[in-house]
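# Secondary and tertiary structure notes
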Amino acid sequence: MPDPLELAEYVLPAALILIAIALVANIVILSARRATAPGKVKVGPAGAVTTAEAANSDAALAADGAEPAAGVEGPPRAPSGTKTASRGRRASGGLAAYATGFVLIAFVLITVYLGVRMAATGHGPFANQHEFAVSFVWGILLAYLVVEWKLKLRAVSVAVLPVAACLTLYAMRLDAGVDPLVPALQNNLLLTLHVGFAILAYGAACVSFGAAVLYLVQPRWRRLKARPETLDEVGYKAAVVTFPLLTIMIVLGALWADTAWGSYWSWDPKETAALVTWLIYGAFLHARVARGWRGKRAAWLLVIGFAAILFAYFGNHFFGGLHSYA
Amino acid sequence: MTAPIRLDDATPASTPANIPAVPPAVPPAGPAASPAAGLVGPANAEGGPGGHGAHDIEAADAPPGEFFRRIYQVFYSKTVGLITILALAVLILIGALVVQTDASTYDDATAKAEFLAEMRAKYGGWTTLLNALGLFHVFSSIGFLVLVGLLAASIVACTTHRLPRLWEGFRHPKTHPSDQFFDRARYQAQVTATEPPSVATADVTNLLSRLHYRVVPDGANQQSLYADRFAWGGFGTVVAHLSFLVILAAFVISASTGVDEVRSLPVGGAAVAVGHDSGLEIAATNFEATYSDAGQPLDYVSHLVVTRDGVTVAEQDVRVNEPLRYGGYKFHQNSYGLAADIKVTGPDGAALVDQSVPLQWTTTDGTAIVGTVELPGTGLAVDVFLPASGSTDSGIEPGNAVLRLVQTETGETLQMSQVQPGQPLAVGDYSLTFVRERQITGVLVRRDPGALWMWLGSILLVAAMCVTFACRPRRYWLRITPAGTGATVRMASSDKADSAYQRHFNQLAAQISQLFAGPDTDSGPAPKSTSALEPEPEPDSEPQEATHA
Ligand code: HEM
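Each chain has its residues counted from 1, following the order in which its sequence is written. A letter from A marks each chain and a number from 1 marks each ligand, given out in the order of writing. A pLDDT threshold of at least 70 governs which residues receive local features in this predicted model, and a stricter bar of 80 or more applies before side-chain atom pairs are shown or counted, although totals over entire chains, interfaces and linings include all residues. Calculated side-chain values reflect all of the structure's heavy atoms, with hydrogen atoms and water omitted.

## Some words on the sheet that holds strand S5 (residues 272-274) of chain B
Residue and element names in this part refer to chain B. Formally: In this scheme, strands are said to pair when DSSP sees at least two bridges between them. By definition, any uninterrupted DSSP run of H or I lasting at least four residues is a helix, any uninterrupted run of E lasting at least two residues is a strand, and each is numbered from the N terminus. For every element, the axis is a line fit to its C-alpha atoms; helices are fit only across the contacting stretch, and the angle between N-to-C directions ranges from 0 to 180 degrees.
The four strands are arranged S5-S6-S7-S8 in an open sheet whose pairing can be described as antiparallel. If you trace the sheet from one side to the other, it starts and ends with S5 and strand S8 (311-318), each paired once. Averaged over all neighbouring strand pairs, the angle between strand axes comes to 30 degrees, with direction disregarded. For S5 and strand S6 (residues 280-291), the ladder comprises three bridges, and the chain directions are antiparallel. Across the sheet, the residue bridging to Ala273 is Glu281, located in S6.

Structure (C-alpha cells):
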C-alpha cells in the first residue's frame, strides 16, 4: 500500500500541471475559432430563414466537435459521444482530445490518491481541510468531464479549470497528515454520504458557475463563441443537479447533527452558510420562472451561489463552530 | 451584446421586426416580446415548466376594493417570492457572519450588558445598530420570523394559485390548436406518409401509445392528436412546495414542544429524573474518555441505564454518535467532568445535603475547579474546590478538597478550609464532609416531536424535486392532413428552449418518420424538424383552442 503522504507529493503537482495544460489548450482551441466553419442551412416549414450570424453561432458550437445543441436540422444524429471534429480543424480537434485526456488523467490520479487515502485512514475524505480540498477538486473535474462528454461544452473549462487548479494548489499547501478522528466524526456512513453529496453538489455548482461566468463575459470576449442560450442552458442544468444534491447534503448533515448533537439544526455558522447557498440556488431556479429575472440576473445568481459555496467551504477561517474540523 | 439575432420562424408576420434587439434568453419585457406561438388570446393554462410568467398579476384583474385578493396576488407573484427568498438568504448570511448569542442572553439584563460590552470591543460603533436590528440573535429576530412567514405565505399562495390551472391542464389539455400553431411553435416537424390520413393517424396513435404517451384525440378534428408524457410532472413542484411547508412546521414544533435539557450524572451515583413527568430516570454506571498519545480525544463513552419505577427499561454504552433511544427520548453524550460527593448535616444531625456536586466552573486563575450546593432552608451554600486537571499551583493537595461555607445573600465567607476525604469539617452547628471525588458525565436529554416531521418533509422534498427535474412534461400536438394520395403529419410543441426537450421531440419525429418508411420506399421520408434555442418569445406558448373547428 503506497503511503498517502508520499503519494500526495507526486499526485497533486502532477494533477495541477495537467489541469494547467488542459486549460491552456482549451483557451487556444476556443479562441482559434473562426467563422470558417461550414455554415448550416436551417430549413423551416415557412422557408429557409437563415442569417449569417445564426449559421456561425451554430457552427461555433459544432466546431467543438459537438453535435449542436440547437439548430438541429433533419433527423437527429445518433448520439456519438466521440469527437467528430470537422475537416480542416483536425489540429484543434487533436488538441481537444489531448485537453480532455489531460483532465481525465488528472481526475484518475486524484481518484487513486483519494482511494489510497481512504483505504489508509479507513474513513471518507472528511477529516481535514486537505482531504476535503482534494475531494472538491475531484468533484469539479468529475462534473466538468460529464458536461464535456454529455453536452460538449468545452467553453466552461475556461472558468472551471482555474478553480480546480487553485483548489489543488490550496490542497498542496495544507497539512496532508493523517490524524485520528475526533469522536464527533466517528460516524462513517452518515458523514461519508454527507460529504459525498457535498462534493458532487459543489462540482456541479462549479460547472454552473463556469457557464454563468462565460454567459456574462461572452459579449465582451468576442472570439469565444459559445451561444449564450447554450451557456444559459448548461448553467441551468448544472444548477438543477446542484439543488437536489445540496438539499440531500443538508438533510444528511441535519441527520448527523441530530445523532451526534441531539438536534437537527443549531444555526452553527457552517450549516447556516450551507442554508444560504441552498437559498441562492433555489432563488436561481425561481428566477427562471419569474419575469425579468432570466438571463443576466440569473447568471449573477449562479456566480453568487458559487461564491456562497466557497464561503461555506472556507468558512472555518471566518467563523468557529461545531464544524471547525472540515 | 451582439449575440446572433435570428428572426424566429415562430414569429408571426405581423410582429414588428425589431423584436429581440436584446440578448437572447433575456426577453424584453415589453408587449413586443409576446409573439407567442399560435396564441389566439391570452394564455390561461399552465404550460408545463415555463409557467405563466407574464400573467402573474396583470392577468387576473382584481375587482376594485377586493383587498384580500390584492394581497393574494402579491403573494403568488413569483417576483415577490423570489425577493423573499433572496432577502432571507441575506439575513441568514448575516447570521453566519455576526457573532450570535442565545435568545436567553437578552432576557437577563446583566448578561445582555456584558455581551454587548464584549461585542463593542469587536464591532465598535456598529454594535448599537446591530443590536437595534436584532442581528446578534438573527434567528429569533422579528425580521427573520416575518420573512419566514412571508415565504410560507408566498408558497401557499403560489401553490393554491397554480394548482387549479395545473389540474385543469392535466385533465383537459388543449387538444385543438389553431393551424397557425403548427407554423409558429418553437418545435416543429413534418413527415410525409404514403398512407391515407386515417391510416397514418391510427399508426401514429399506436406508436405513441407504445411509447407510453397519453393520446387524446382532438374531438373537433378526426386527424388531430394531442399526446403527452409525464403530464403529471408539474405536480412535483406542488409537492416540493408543500413539503417545504412541512419542514417549516417541523421547526415550529421543535421549537415550541419537546424536551432539551442537560443532566450531570455522577458516575456510579444516584439516578436522576428526566423529562417532564416522563417517569423516567437515568443513571450512569461508567464513564471513560480515551485520548491519543498526542492528547487528542478519541472516544467518550458513558454506560447509561434508563429506569421506570425502578425497573431497568433500557441500557447502553452511549457515545457521541450513538445516543440511547427510548420511548421517544434520546440520551446523548454531551460533556464530562468531575464532581465532589458532599455531605452536610445541620444542627439536629439530619443530613441537609448528601449528593454529588458537579464542579462546573474554573477559578479565574485557572488553578482549581469549583462547584456549589445550597443548603436548603438555611441561606447558606457550600463551595467545593478541587485542583484543576494538570494544575499544581492550586495549593490543594492531590486527593484533598477545599470547602467554603458562604452566606448566599451577602456572599460572606463563614469558613474556608482544606479537608481530606471523609474528614468532617465542623463550622458552628454544621458538619461538612467531602466524601470523595467522582466522575460525572453530562447527558443531553432530548425529546423532539418536530424531528419526525423534519425527516418526512425532507424526504418528500428531495423526492418531489427529483420527480420535477427528471419527469419534465412533454406535450406534443399532431395534425395529419391529406397530401396527394398520402398524408402529411405535422407535429408541434411549445416549451421553454431546452436542448433535451428538443432531442426528445426530434427523436419522436424520427420514430414517426420511420413508421412510414416502408420497405419499398428507397428514400424514407425524413422528418423536417425545426427548432432552435431561440430568443425566448414567451414562456407560455401554450396553444389555444381555435375558436372554430
Ligand atoms: C424555499 C422554498 C421553495 C422551494 C424549496 C421551492 C422549490 C421549487 C422547485 C424545486 C421548483 C422547480 C424548479 C424548476 O423546475 O426549475 C420550483 C418551481 C416553482 N416555484 Fe418554488 N420553491 C420554493 C419557494 C417558492 C415560492 C415562495 C414561490 C412563490 C412565489 C414559488 C413558486 C414556484 C413556481 C411558480 C415554480 C415554477 C413551477 C413550474 O415551473 O411549473 N416557490 N420551486
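## Re the site of the ligand
Defined as follows: The nearness test applies per residue and asks whether one of its heavy atoms lies within 4 Å of the molecule or strand. Between N or O atoms, a polar contact is any pair within 3.5 Å; within protein, one atom must be a potential hydrogen donor and the other a potential acceptor, and residues adjacent in sequence are included only when both atoms are from side chains. Amino acids outside the nonpolar list (Ala, Val, Leu, Ile, Met, Phe, Trp, Tyr, Cys, Pro) and the charged list (Asp, Glu, Lys, Arg) are all regarded as polar, and Gly is one of them.
With respect to spatial proximity, 22 residues lie near the ligand, and among them Tyr236 and His286 of chain A together with Cys158, Arg162 and His241 of chain B are the closest. At the site occupied by the ligand, the surrounding residues belong to chains A and B. Side-chain polar atom of His241 of chain B to a nitrogen atom of the ligand: 2.6 Å apart, as the coordinates give it. Take the shell around the ligand: its biggest share by element is five residues, from helix H6 (residues 142-171) of chain B. Looking at the shell around the ligand residue by residue, the class counts come to eleven nonpolar, seven polar and four charged.

## So, the coordination of the iron atom of the ligand
For the record, the criterion: Coordinating donors are taken as N, O and S atoms within 2.8 Å of the metal, stretched to 3.2 Å for Na, K and Ca; because water is absent from the atoms, sites can appear incomplete. Relative accessibility decides the category of a residue: with a 1.4 Å probe and only protein chains considered, values under 20% of the type maximum give buried, values over 50% give exposed, and everything between is partly exposed.
Each protein donor to the iron atom of the ligand is listed here as His286 of chain A (NE2) and His241 of chain B (NE2); together their distances run 1.8 Å. Residue His286 of chain A is classed as partly exposed on the basis of its relative accessible area, which comes to 30%.

## Some thoughts on H6 of chain B
Let me state the cut-off plainly: By definition here, a helix of n residues has an expected span of 1.5 Å times n minus one. Think of it this way: the bend at a residue is just the angle between two axes, each fitted to seven residues, one set ending at that residue and the other starting at it.
Look at H6 of chain B: 43 Å from first C-alpha to last across 30 residues, which is about the 44 Å you get at 1.5 Å a residue. If you look at H6 of chain B, its biggest bend is around 30 degrees, right at Leu163 of chain B, and the proline Pro164 of chain B turns up within four residues after that.

## A look at helix H1 (residues 67-76) of chain B
Residue and element names in this part refer to chain B. As a reminder, the rule being used: Think of the arc as the fan of directions from the helix axis to the C-beta atoms. We call two residues in contact when some of their heavy atoms are within 4.5 Å.
Among all positions of H1, only Gln73, Phe75 and Tyr76 are buried. Axial view of H1: buried residues confined to an arc of 165 degrees, hence all on one face. Each element contacted by the buried residues of H1 is listed here: helix H2 (78-97) and H6.

## Thoughts on the packing of aromatic side chains
Short version of the rule: A pair of aromatic rings is counted whenever rings of Phe, Tyr or Trp (Trp by its six-membered ring) have centres within 6.5 Å, and the orientation is called stacked for planes under 30 degrees apart, edge-to-face for over 60 and tilted otherwise. We call a charge positioned above a ring when the Lys NZ or Arg CZ atom is no farther than 6 Å from the ring centre and deviates by at most 35 degrees from the ring normal.
In total, this model carries 40 aromatic pairs over all chains according to the counting rule given. With 5.9 Å between their ring centres and 70 degrees between their planes, Tyr264 of chain A and Trp455 of chain B make a pair best called edge-to-face. Highlighted residues: Tyr264 of chain A in the loop between helix H7 (228-260) and helix H8 (269-287) and Trp455 of chain B in helix H10 (residues 449-470), drawn from two different chains. Tyr264 of chain A gets classed as buried once you look at its relative accessible area, which sits at 3%. We classify Trp455 of chain B as buried; its relative accessible area is 17%. Note on Phe115 of chain B and Phe136 of chain B: the rings are 5.4 Å apart at their centroids and 85 degrees apart in plane angle, and the pair reads as edge-to-face. Of this pair, Phe115 of chain B sits in helix H4 (residues 109-123) while Phe136 of chain B is found in the loop between helix H5 (126-132) and H6, placing the two residues 21 residues apart along the sequence. What links up through ring pairs into an aromatic cluster is the set Phe132, Phe136, Tyr170, Tyr202, Phe209, Phe306, Tyr313 and Phe314 of chain A. Lying over the aromatic face of Trp149 of chain A, Lys150 of chain A brings its terminal NZ or CZ to 5.1 Å of the ring centre. We note Arg447 of chain B situated over the ring of Tyr329 of chain B; from NZ or CZ to the ring centre the distance is 5.9 Å.

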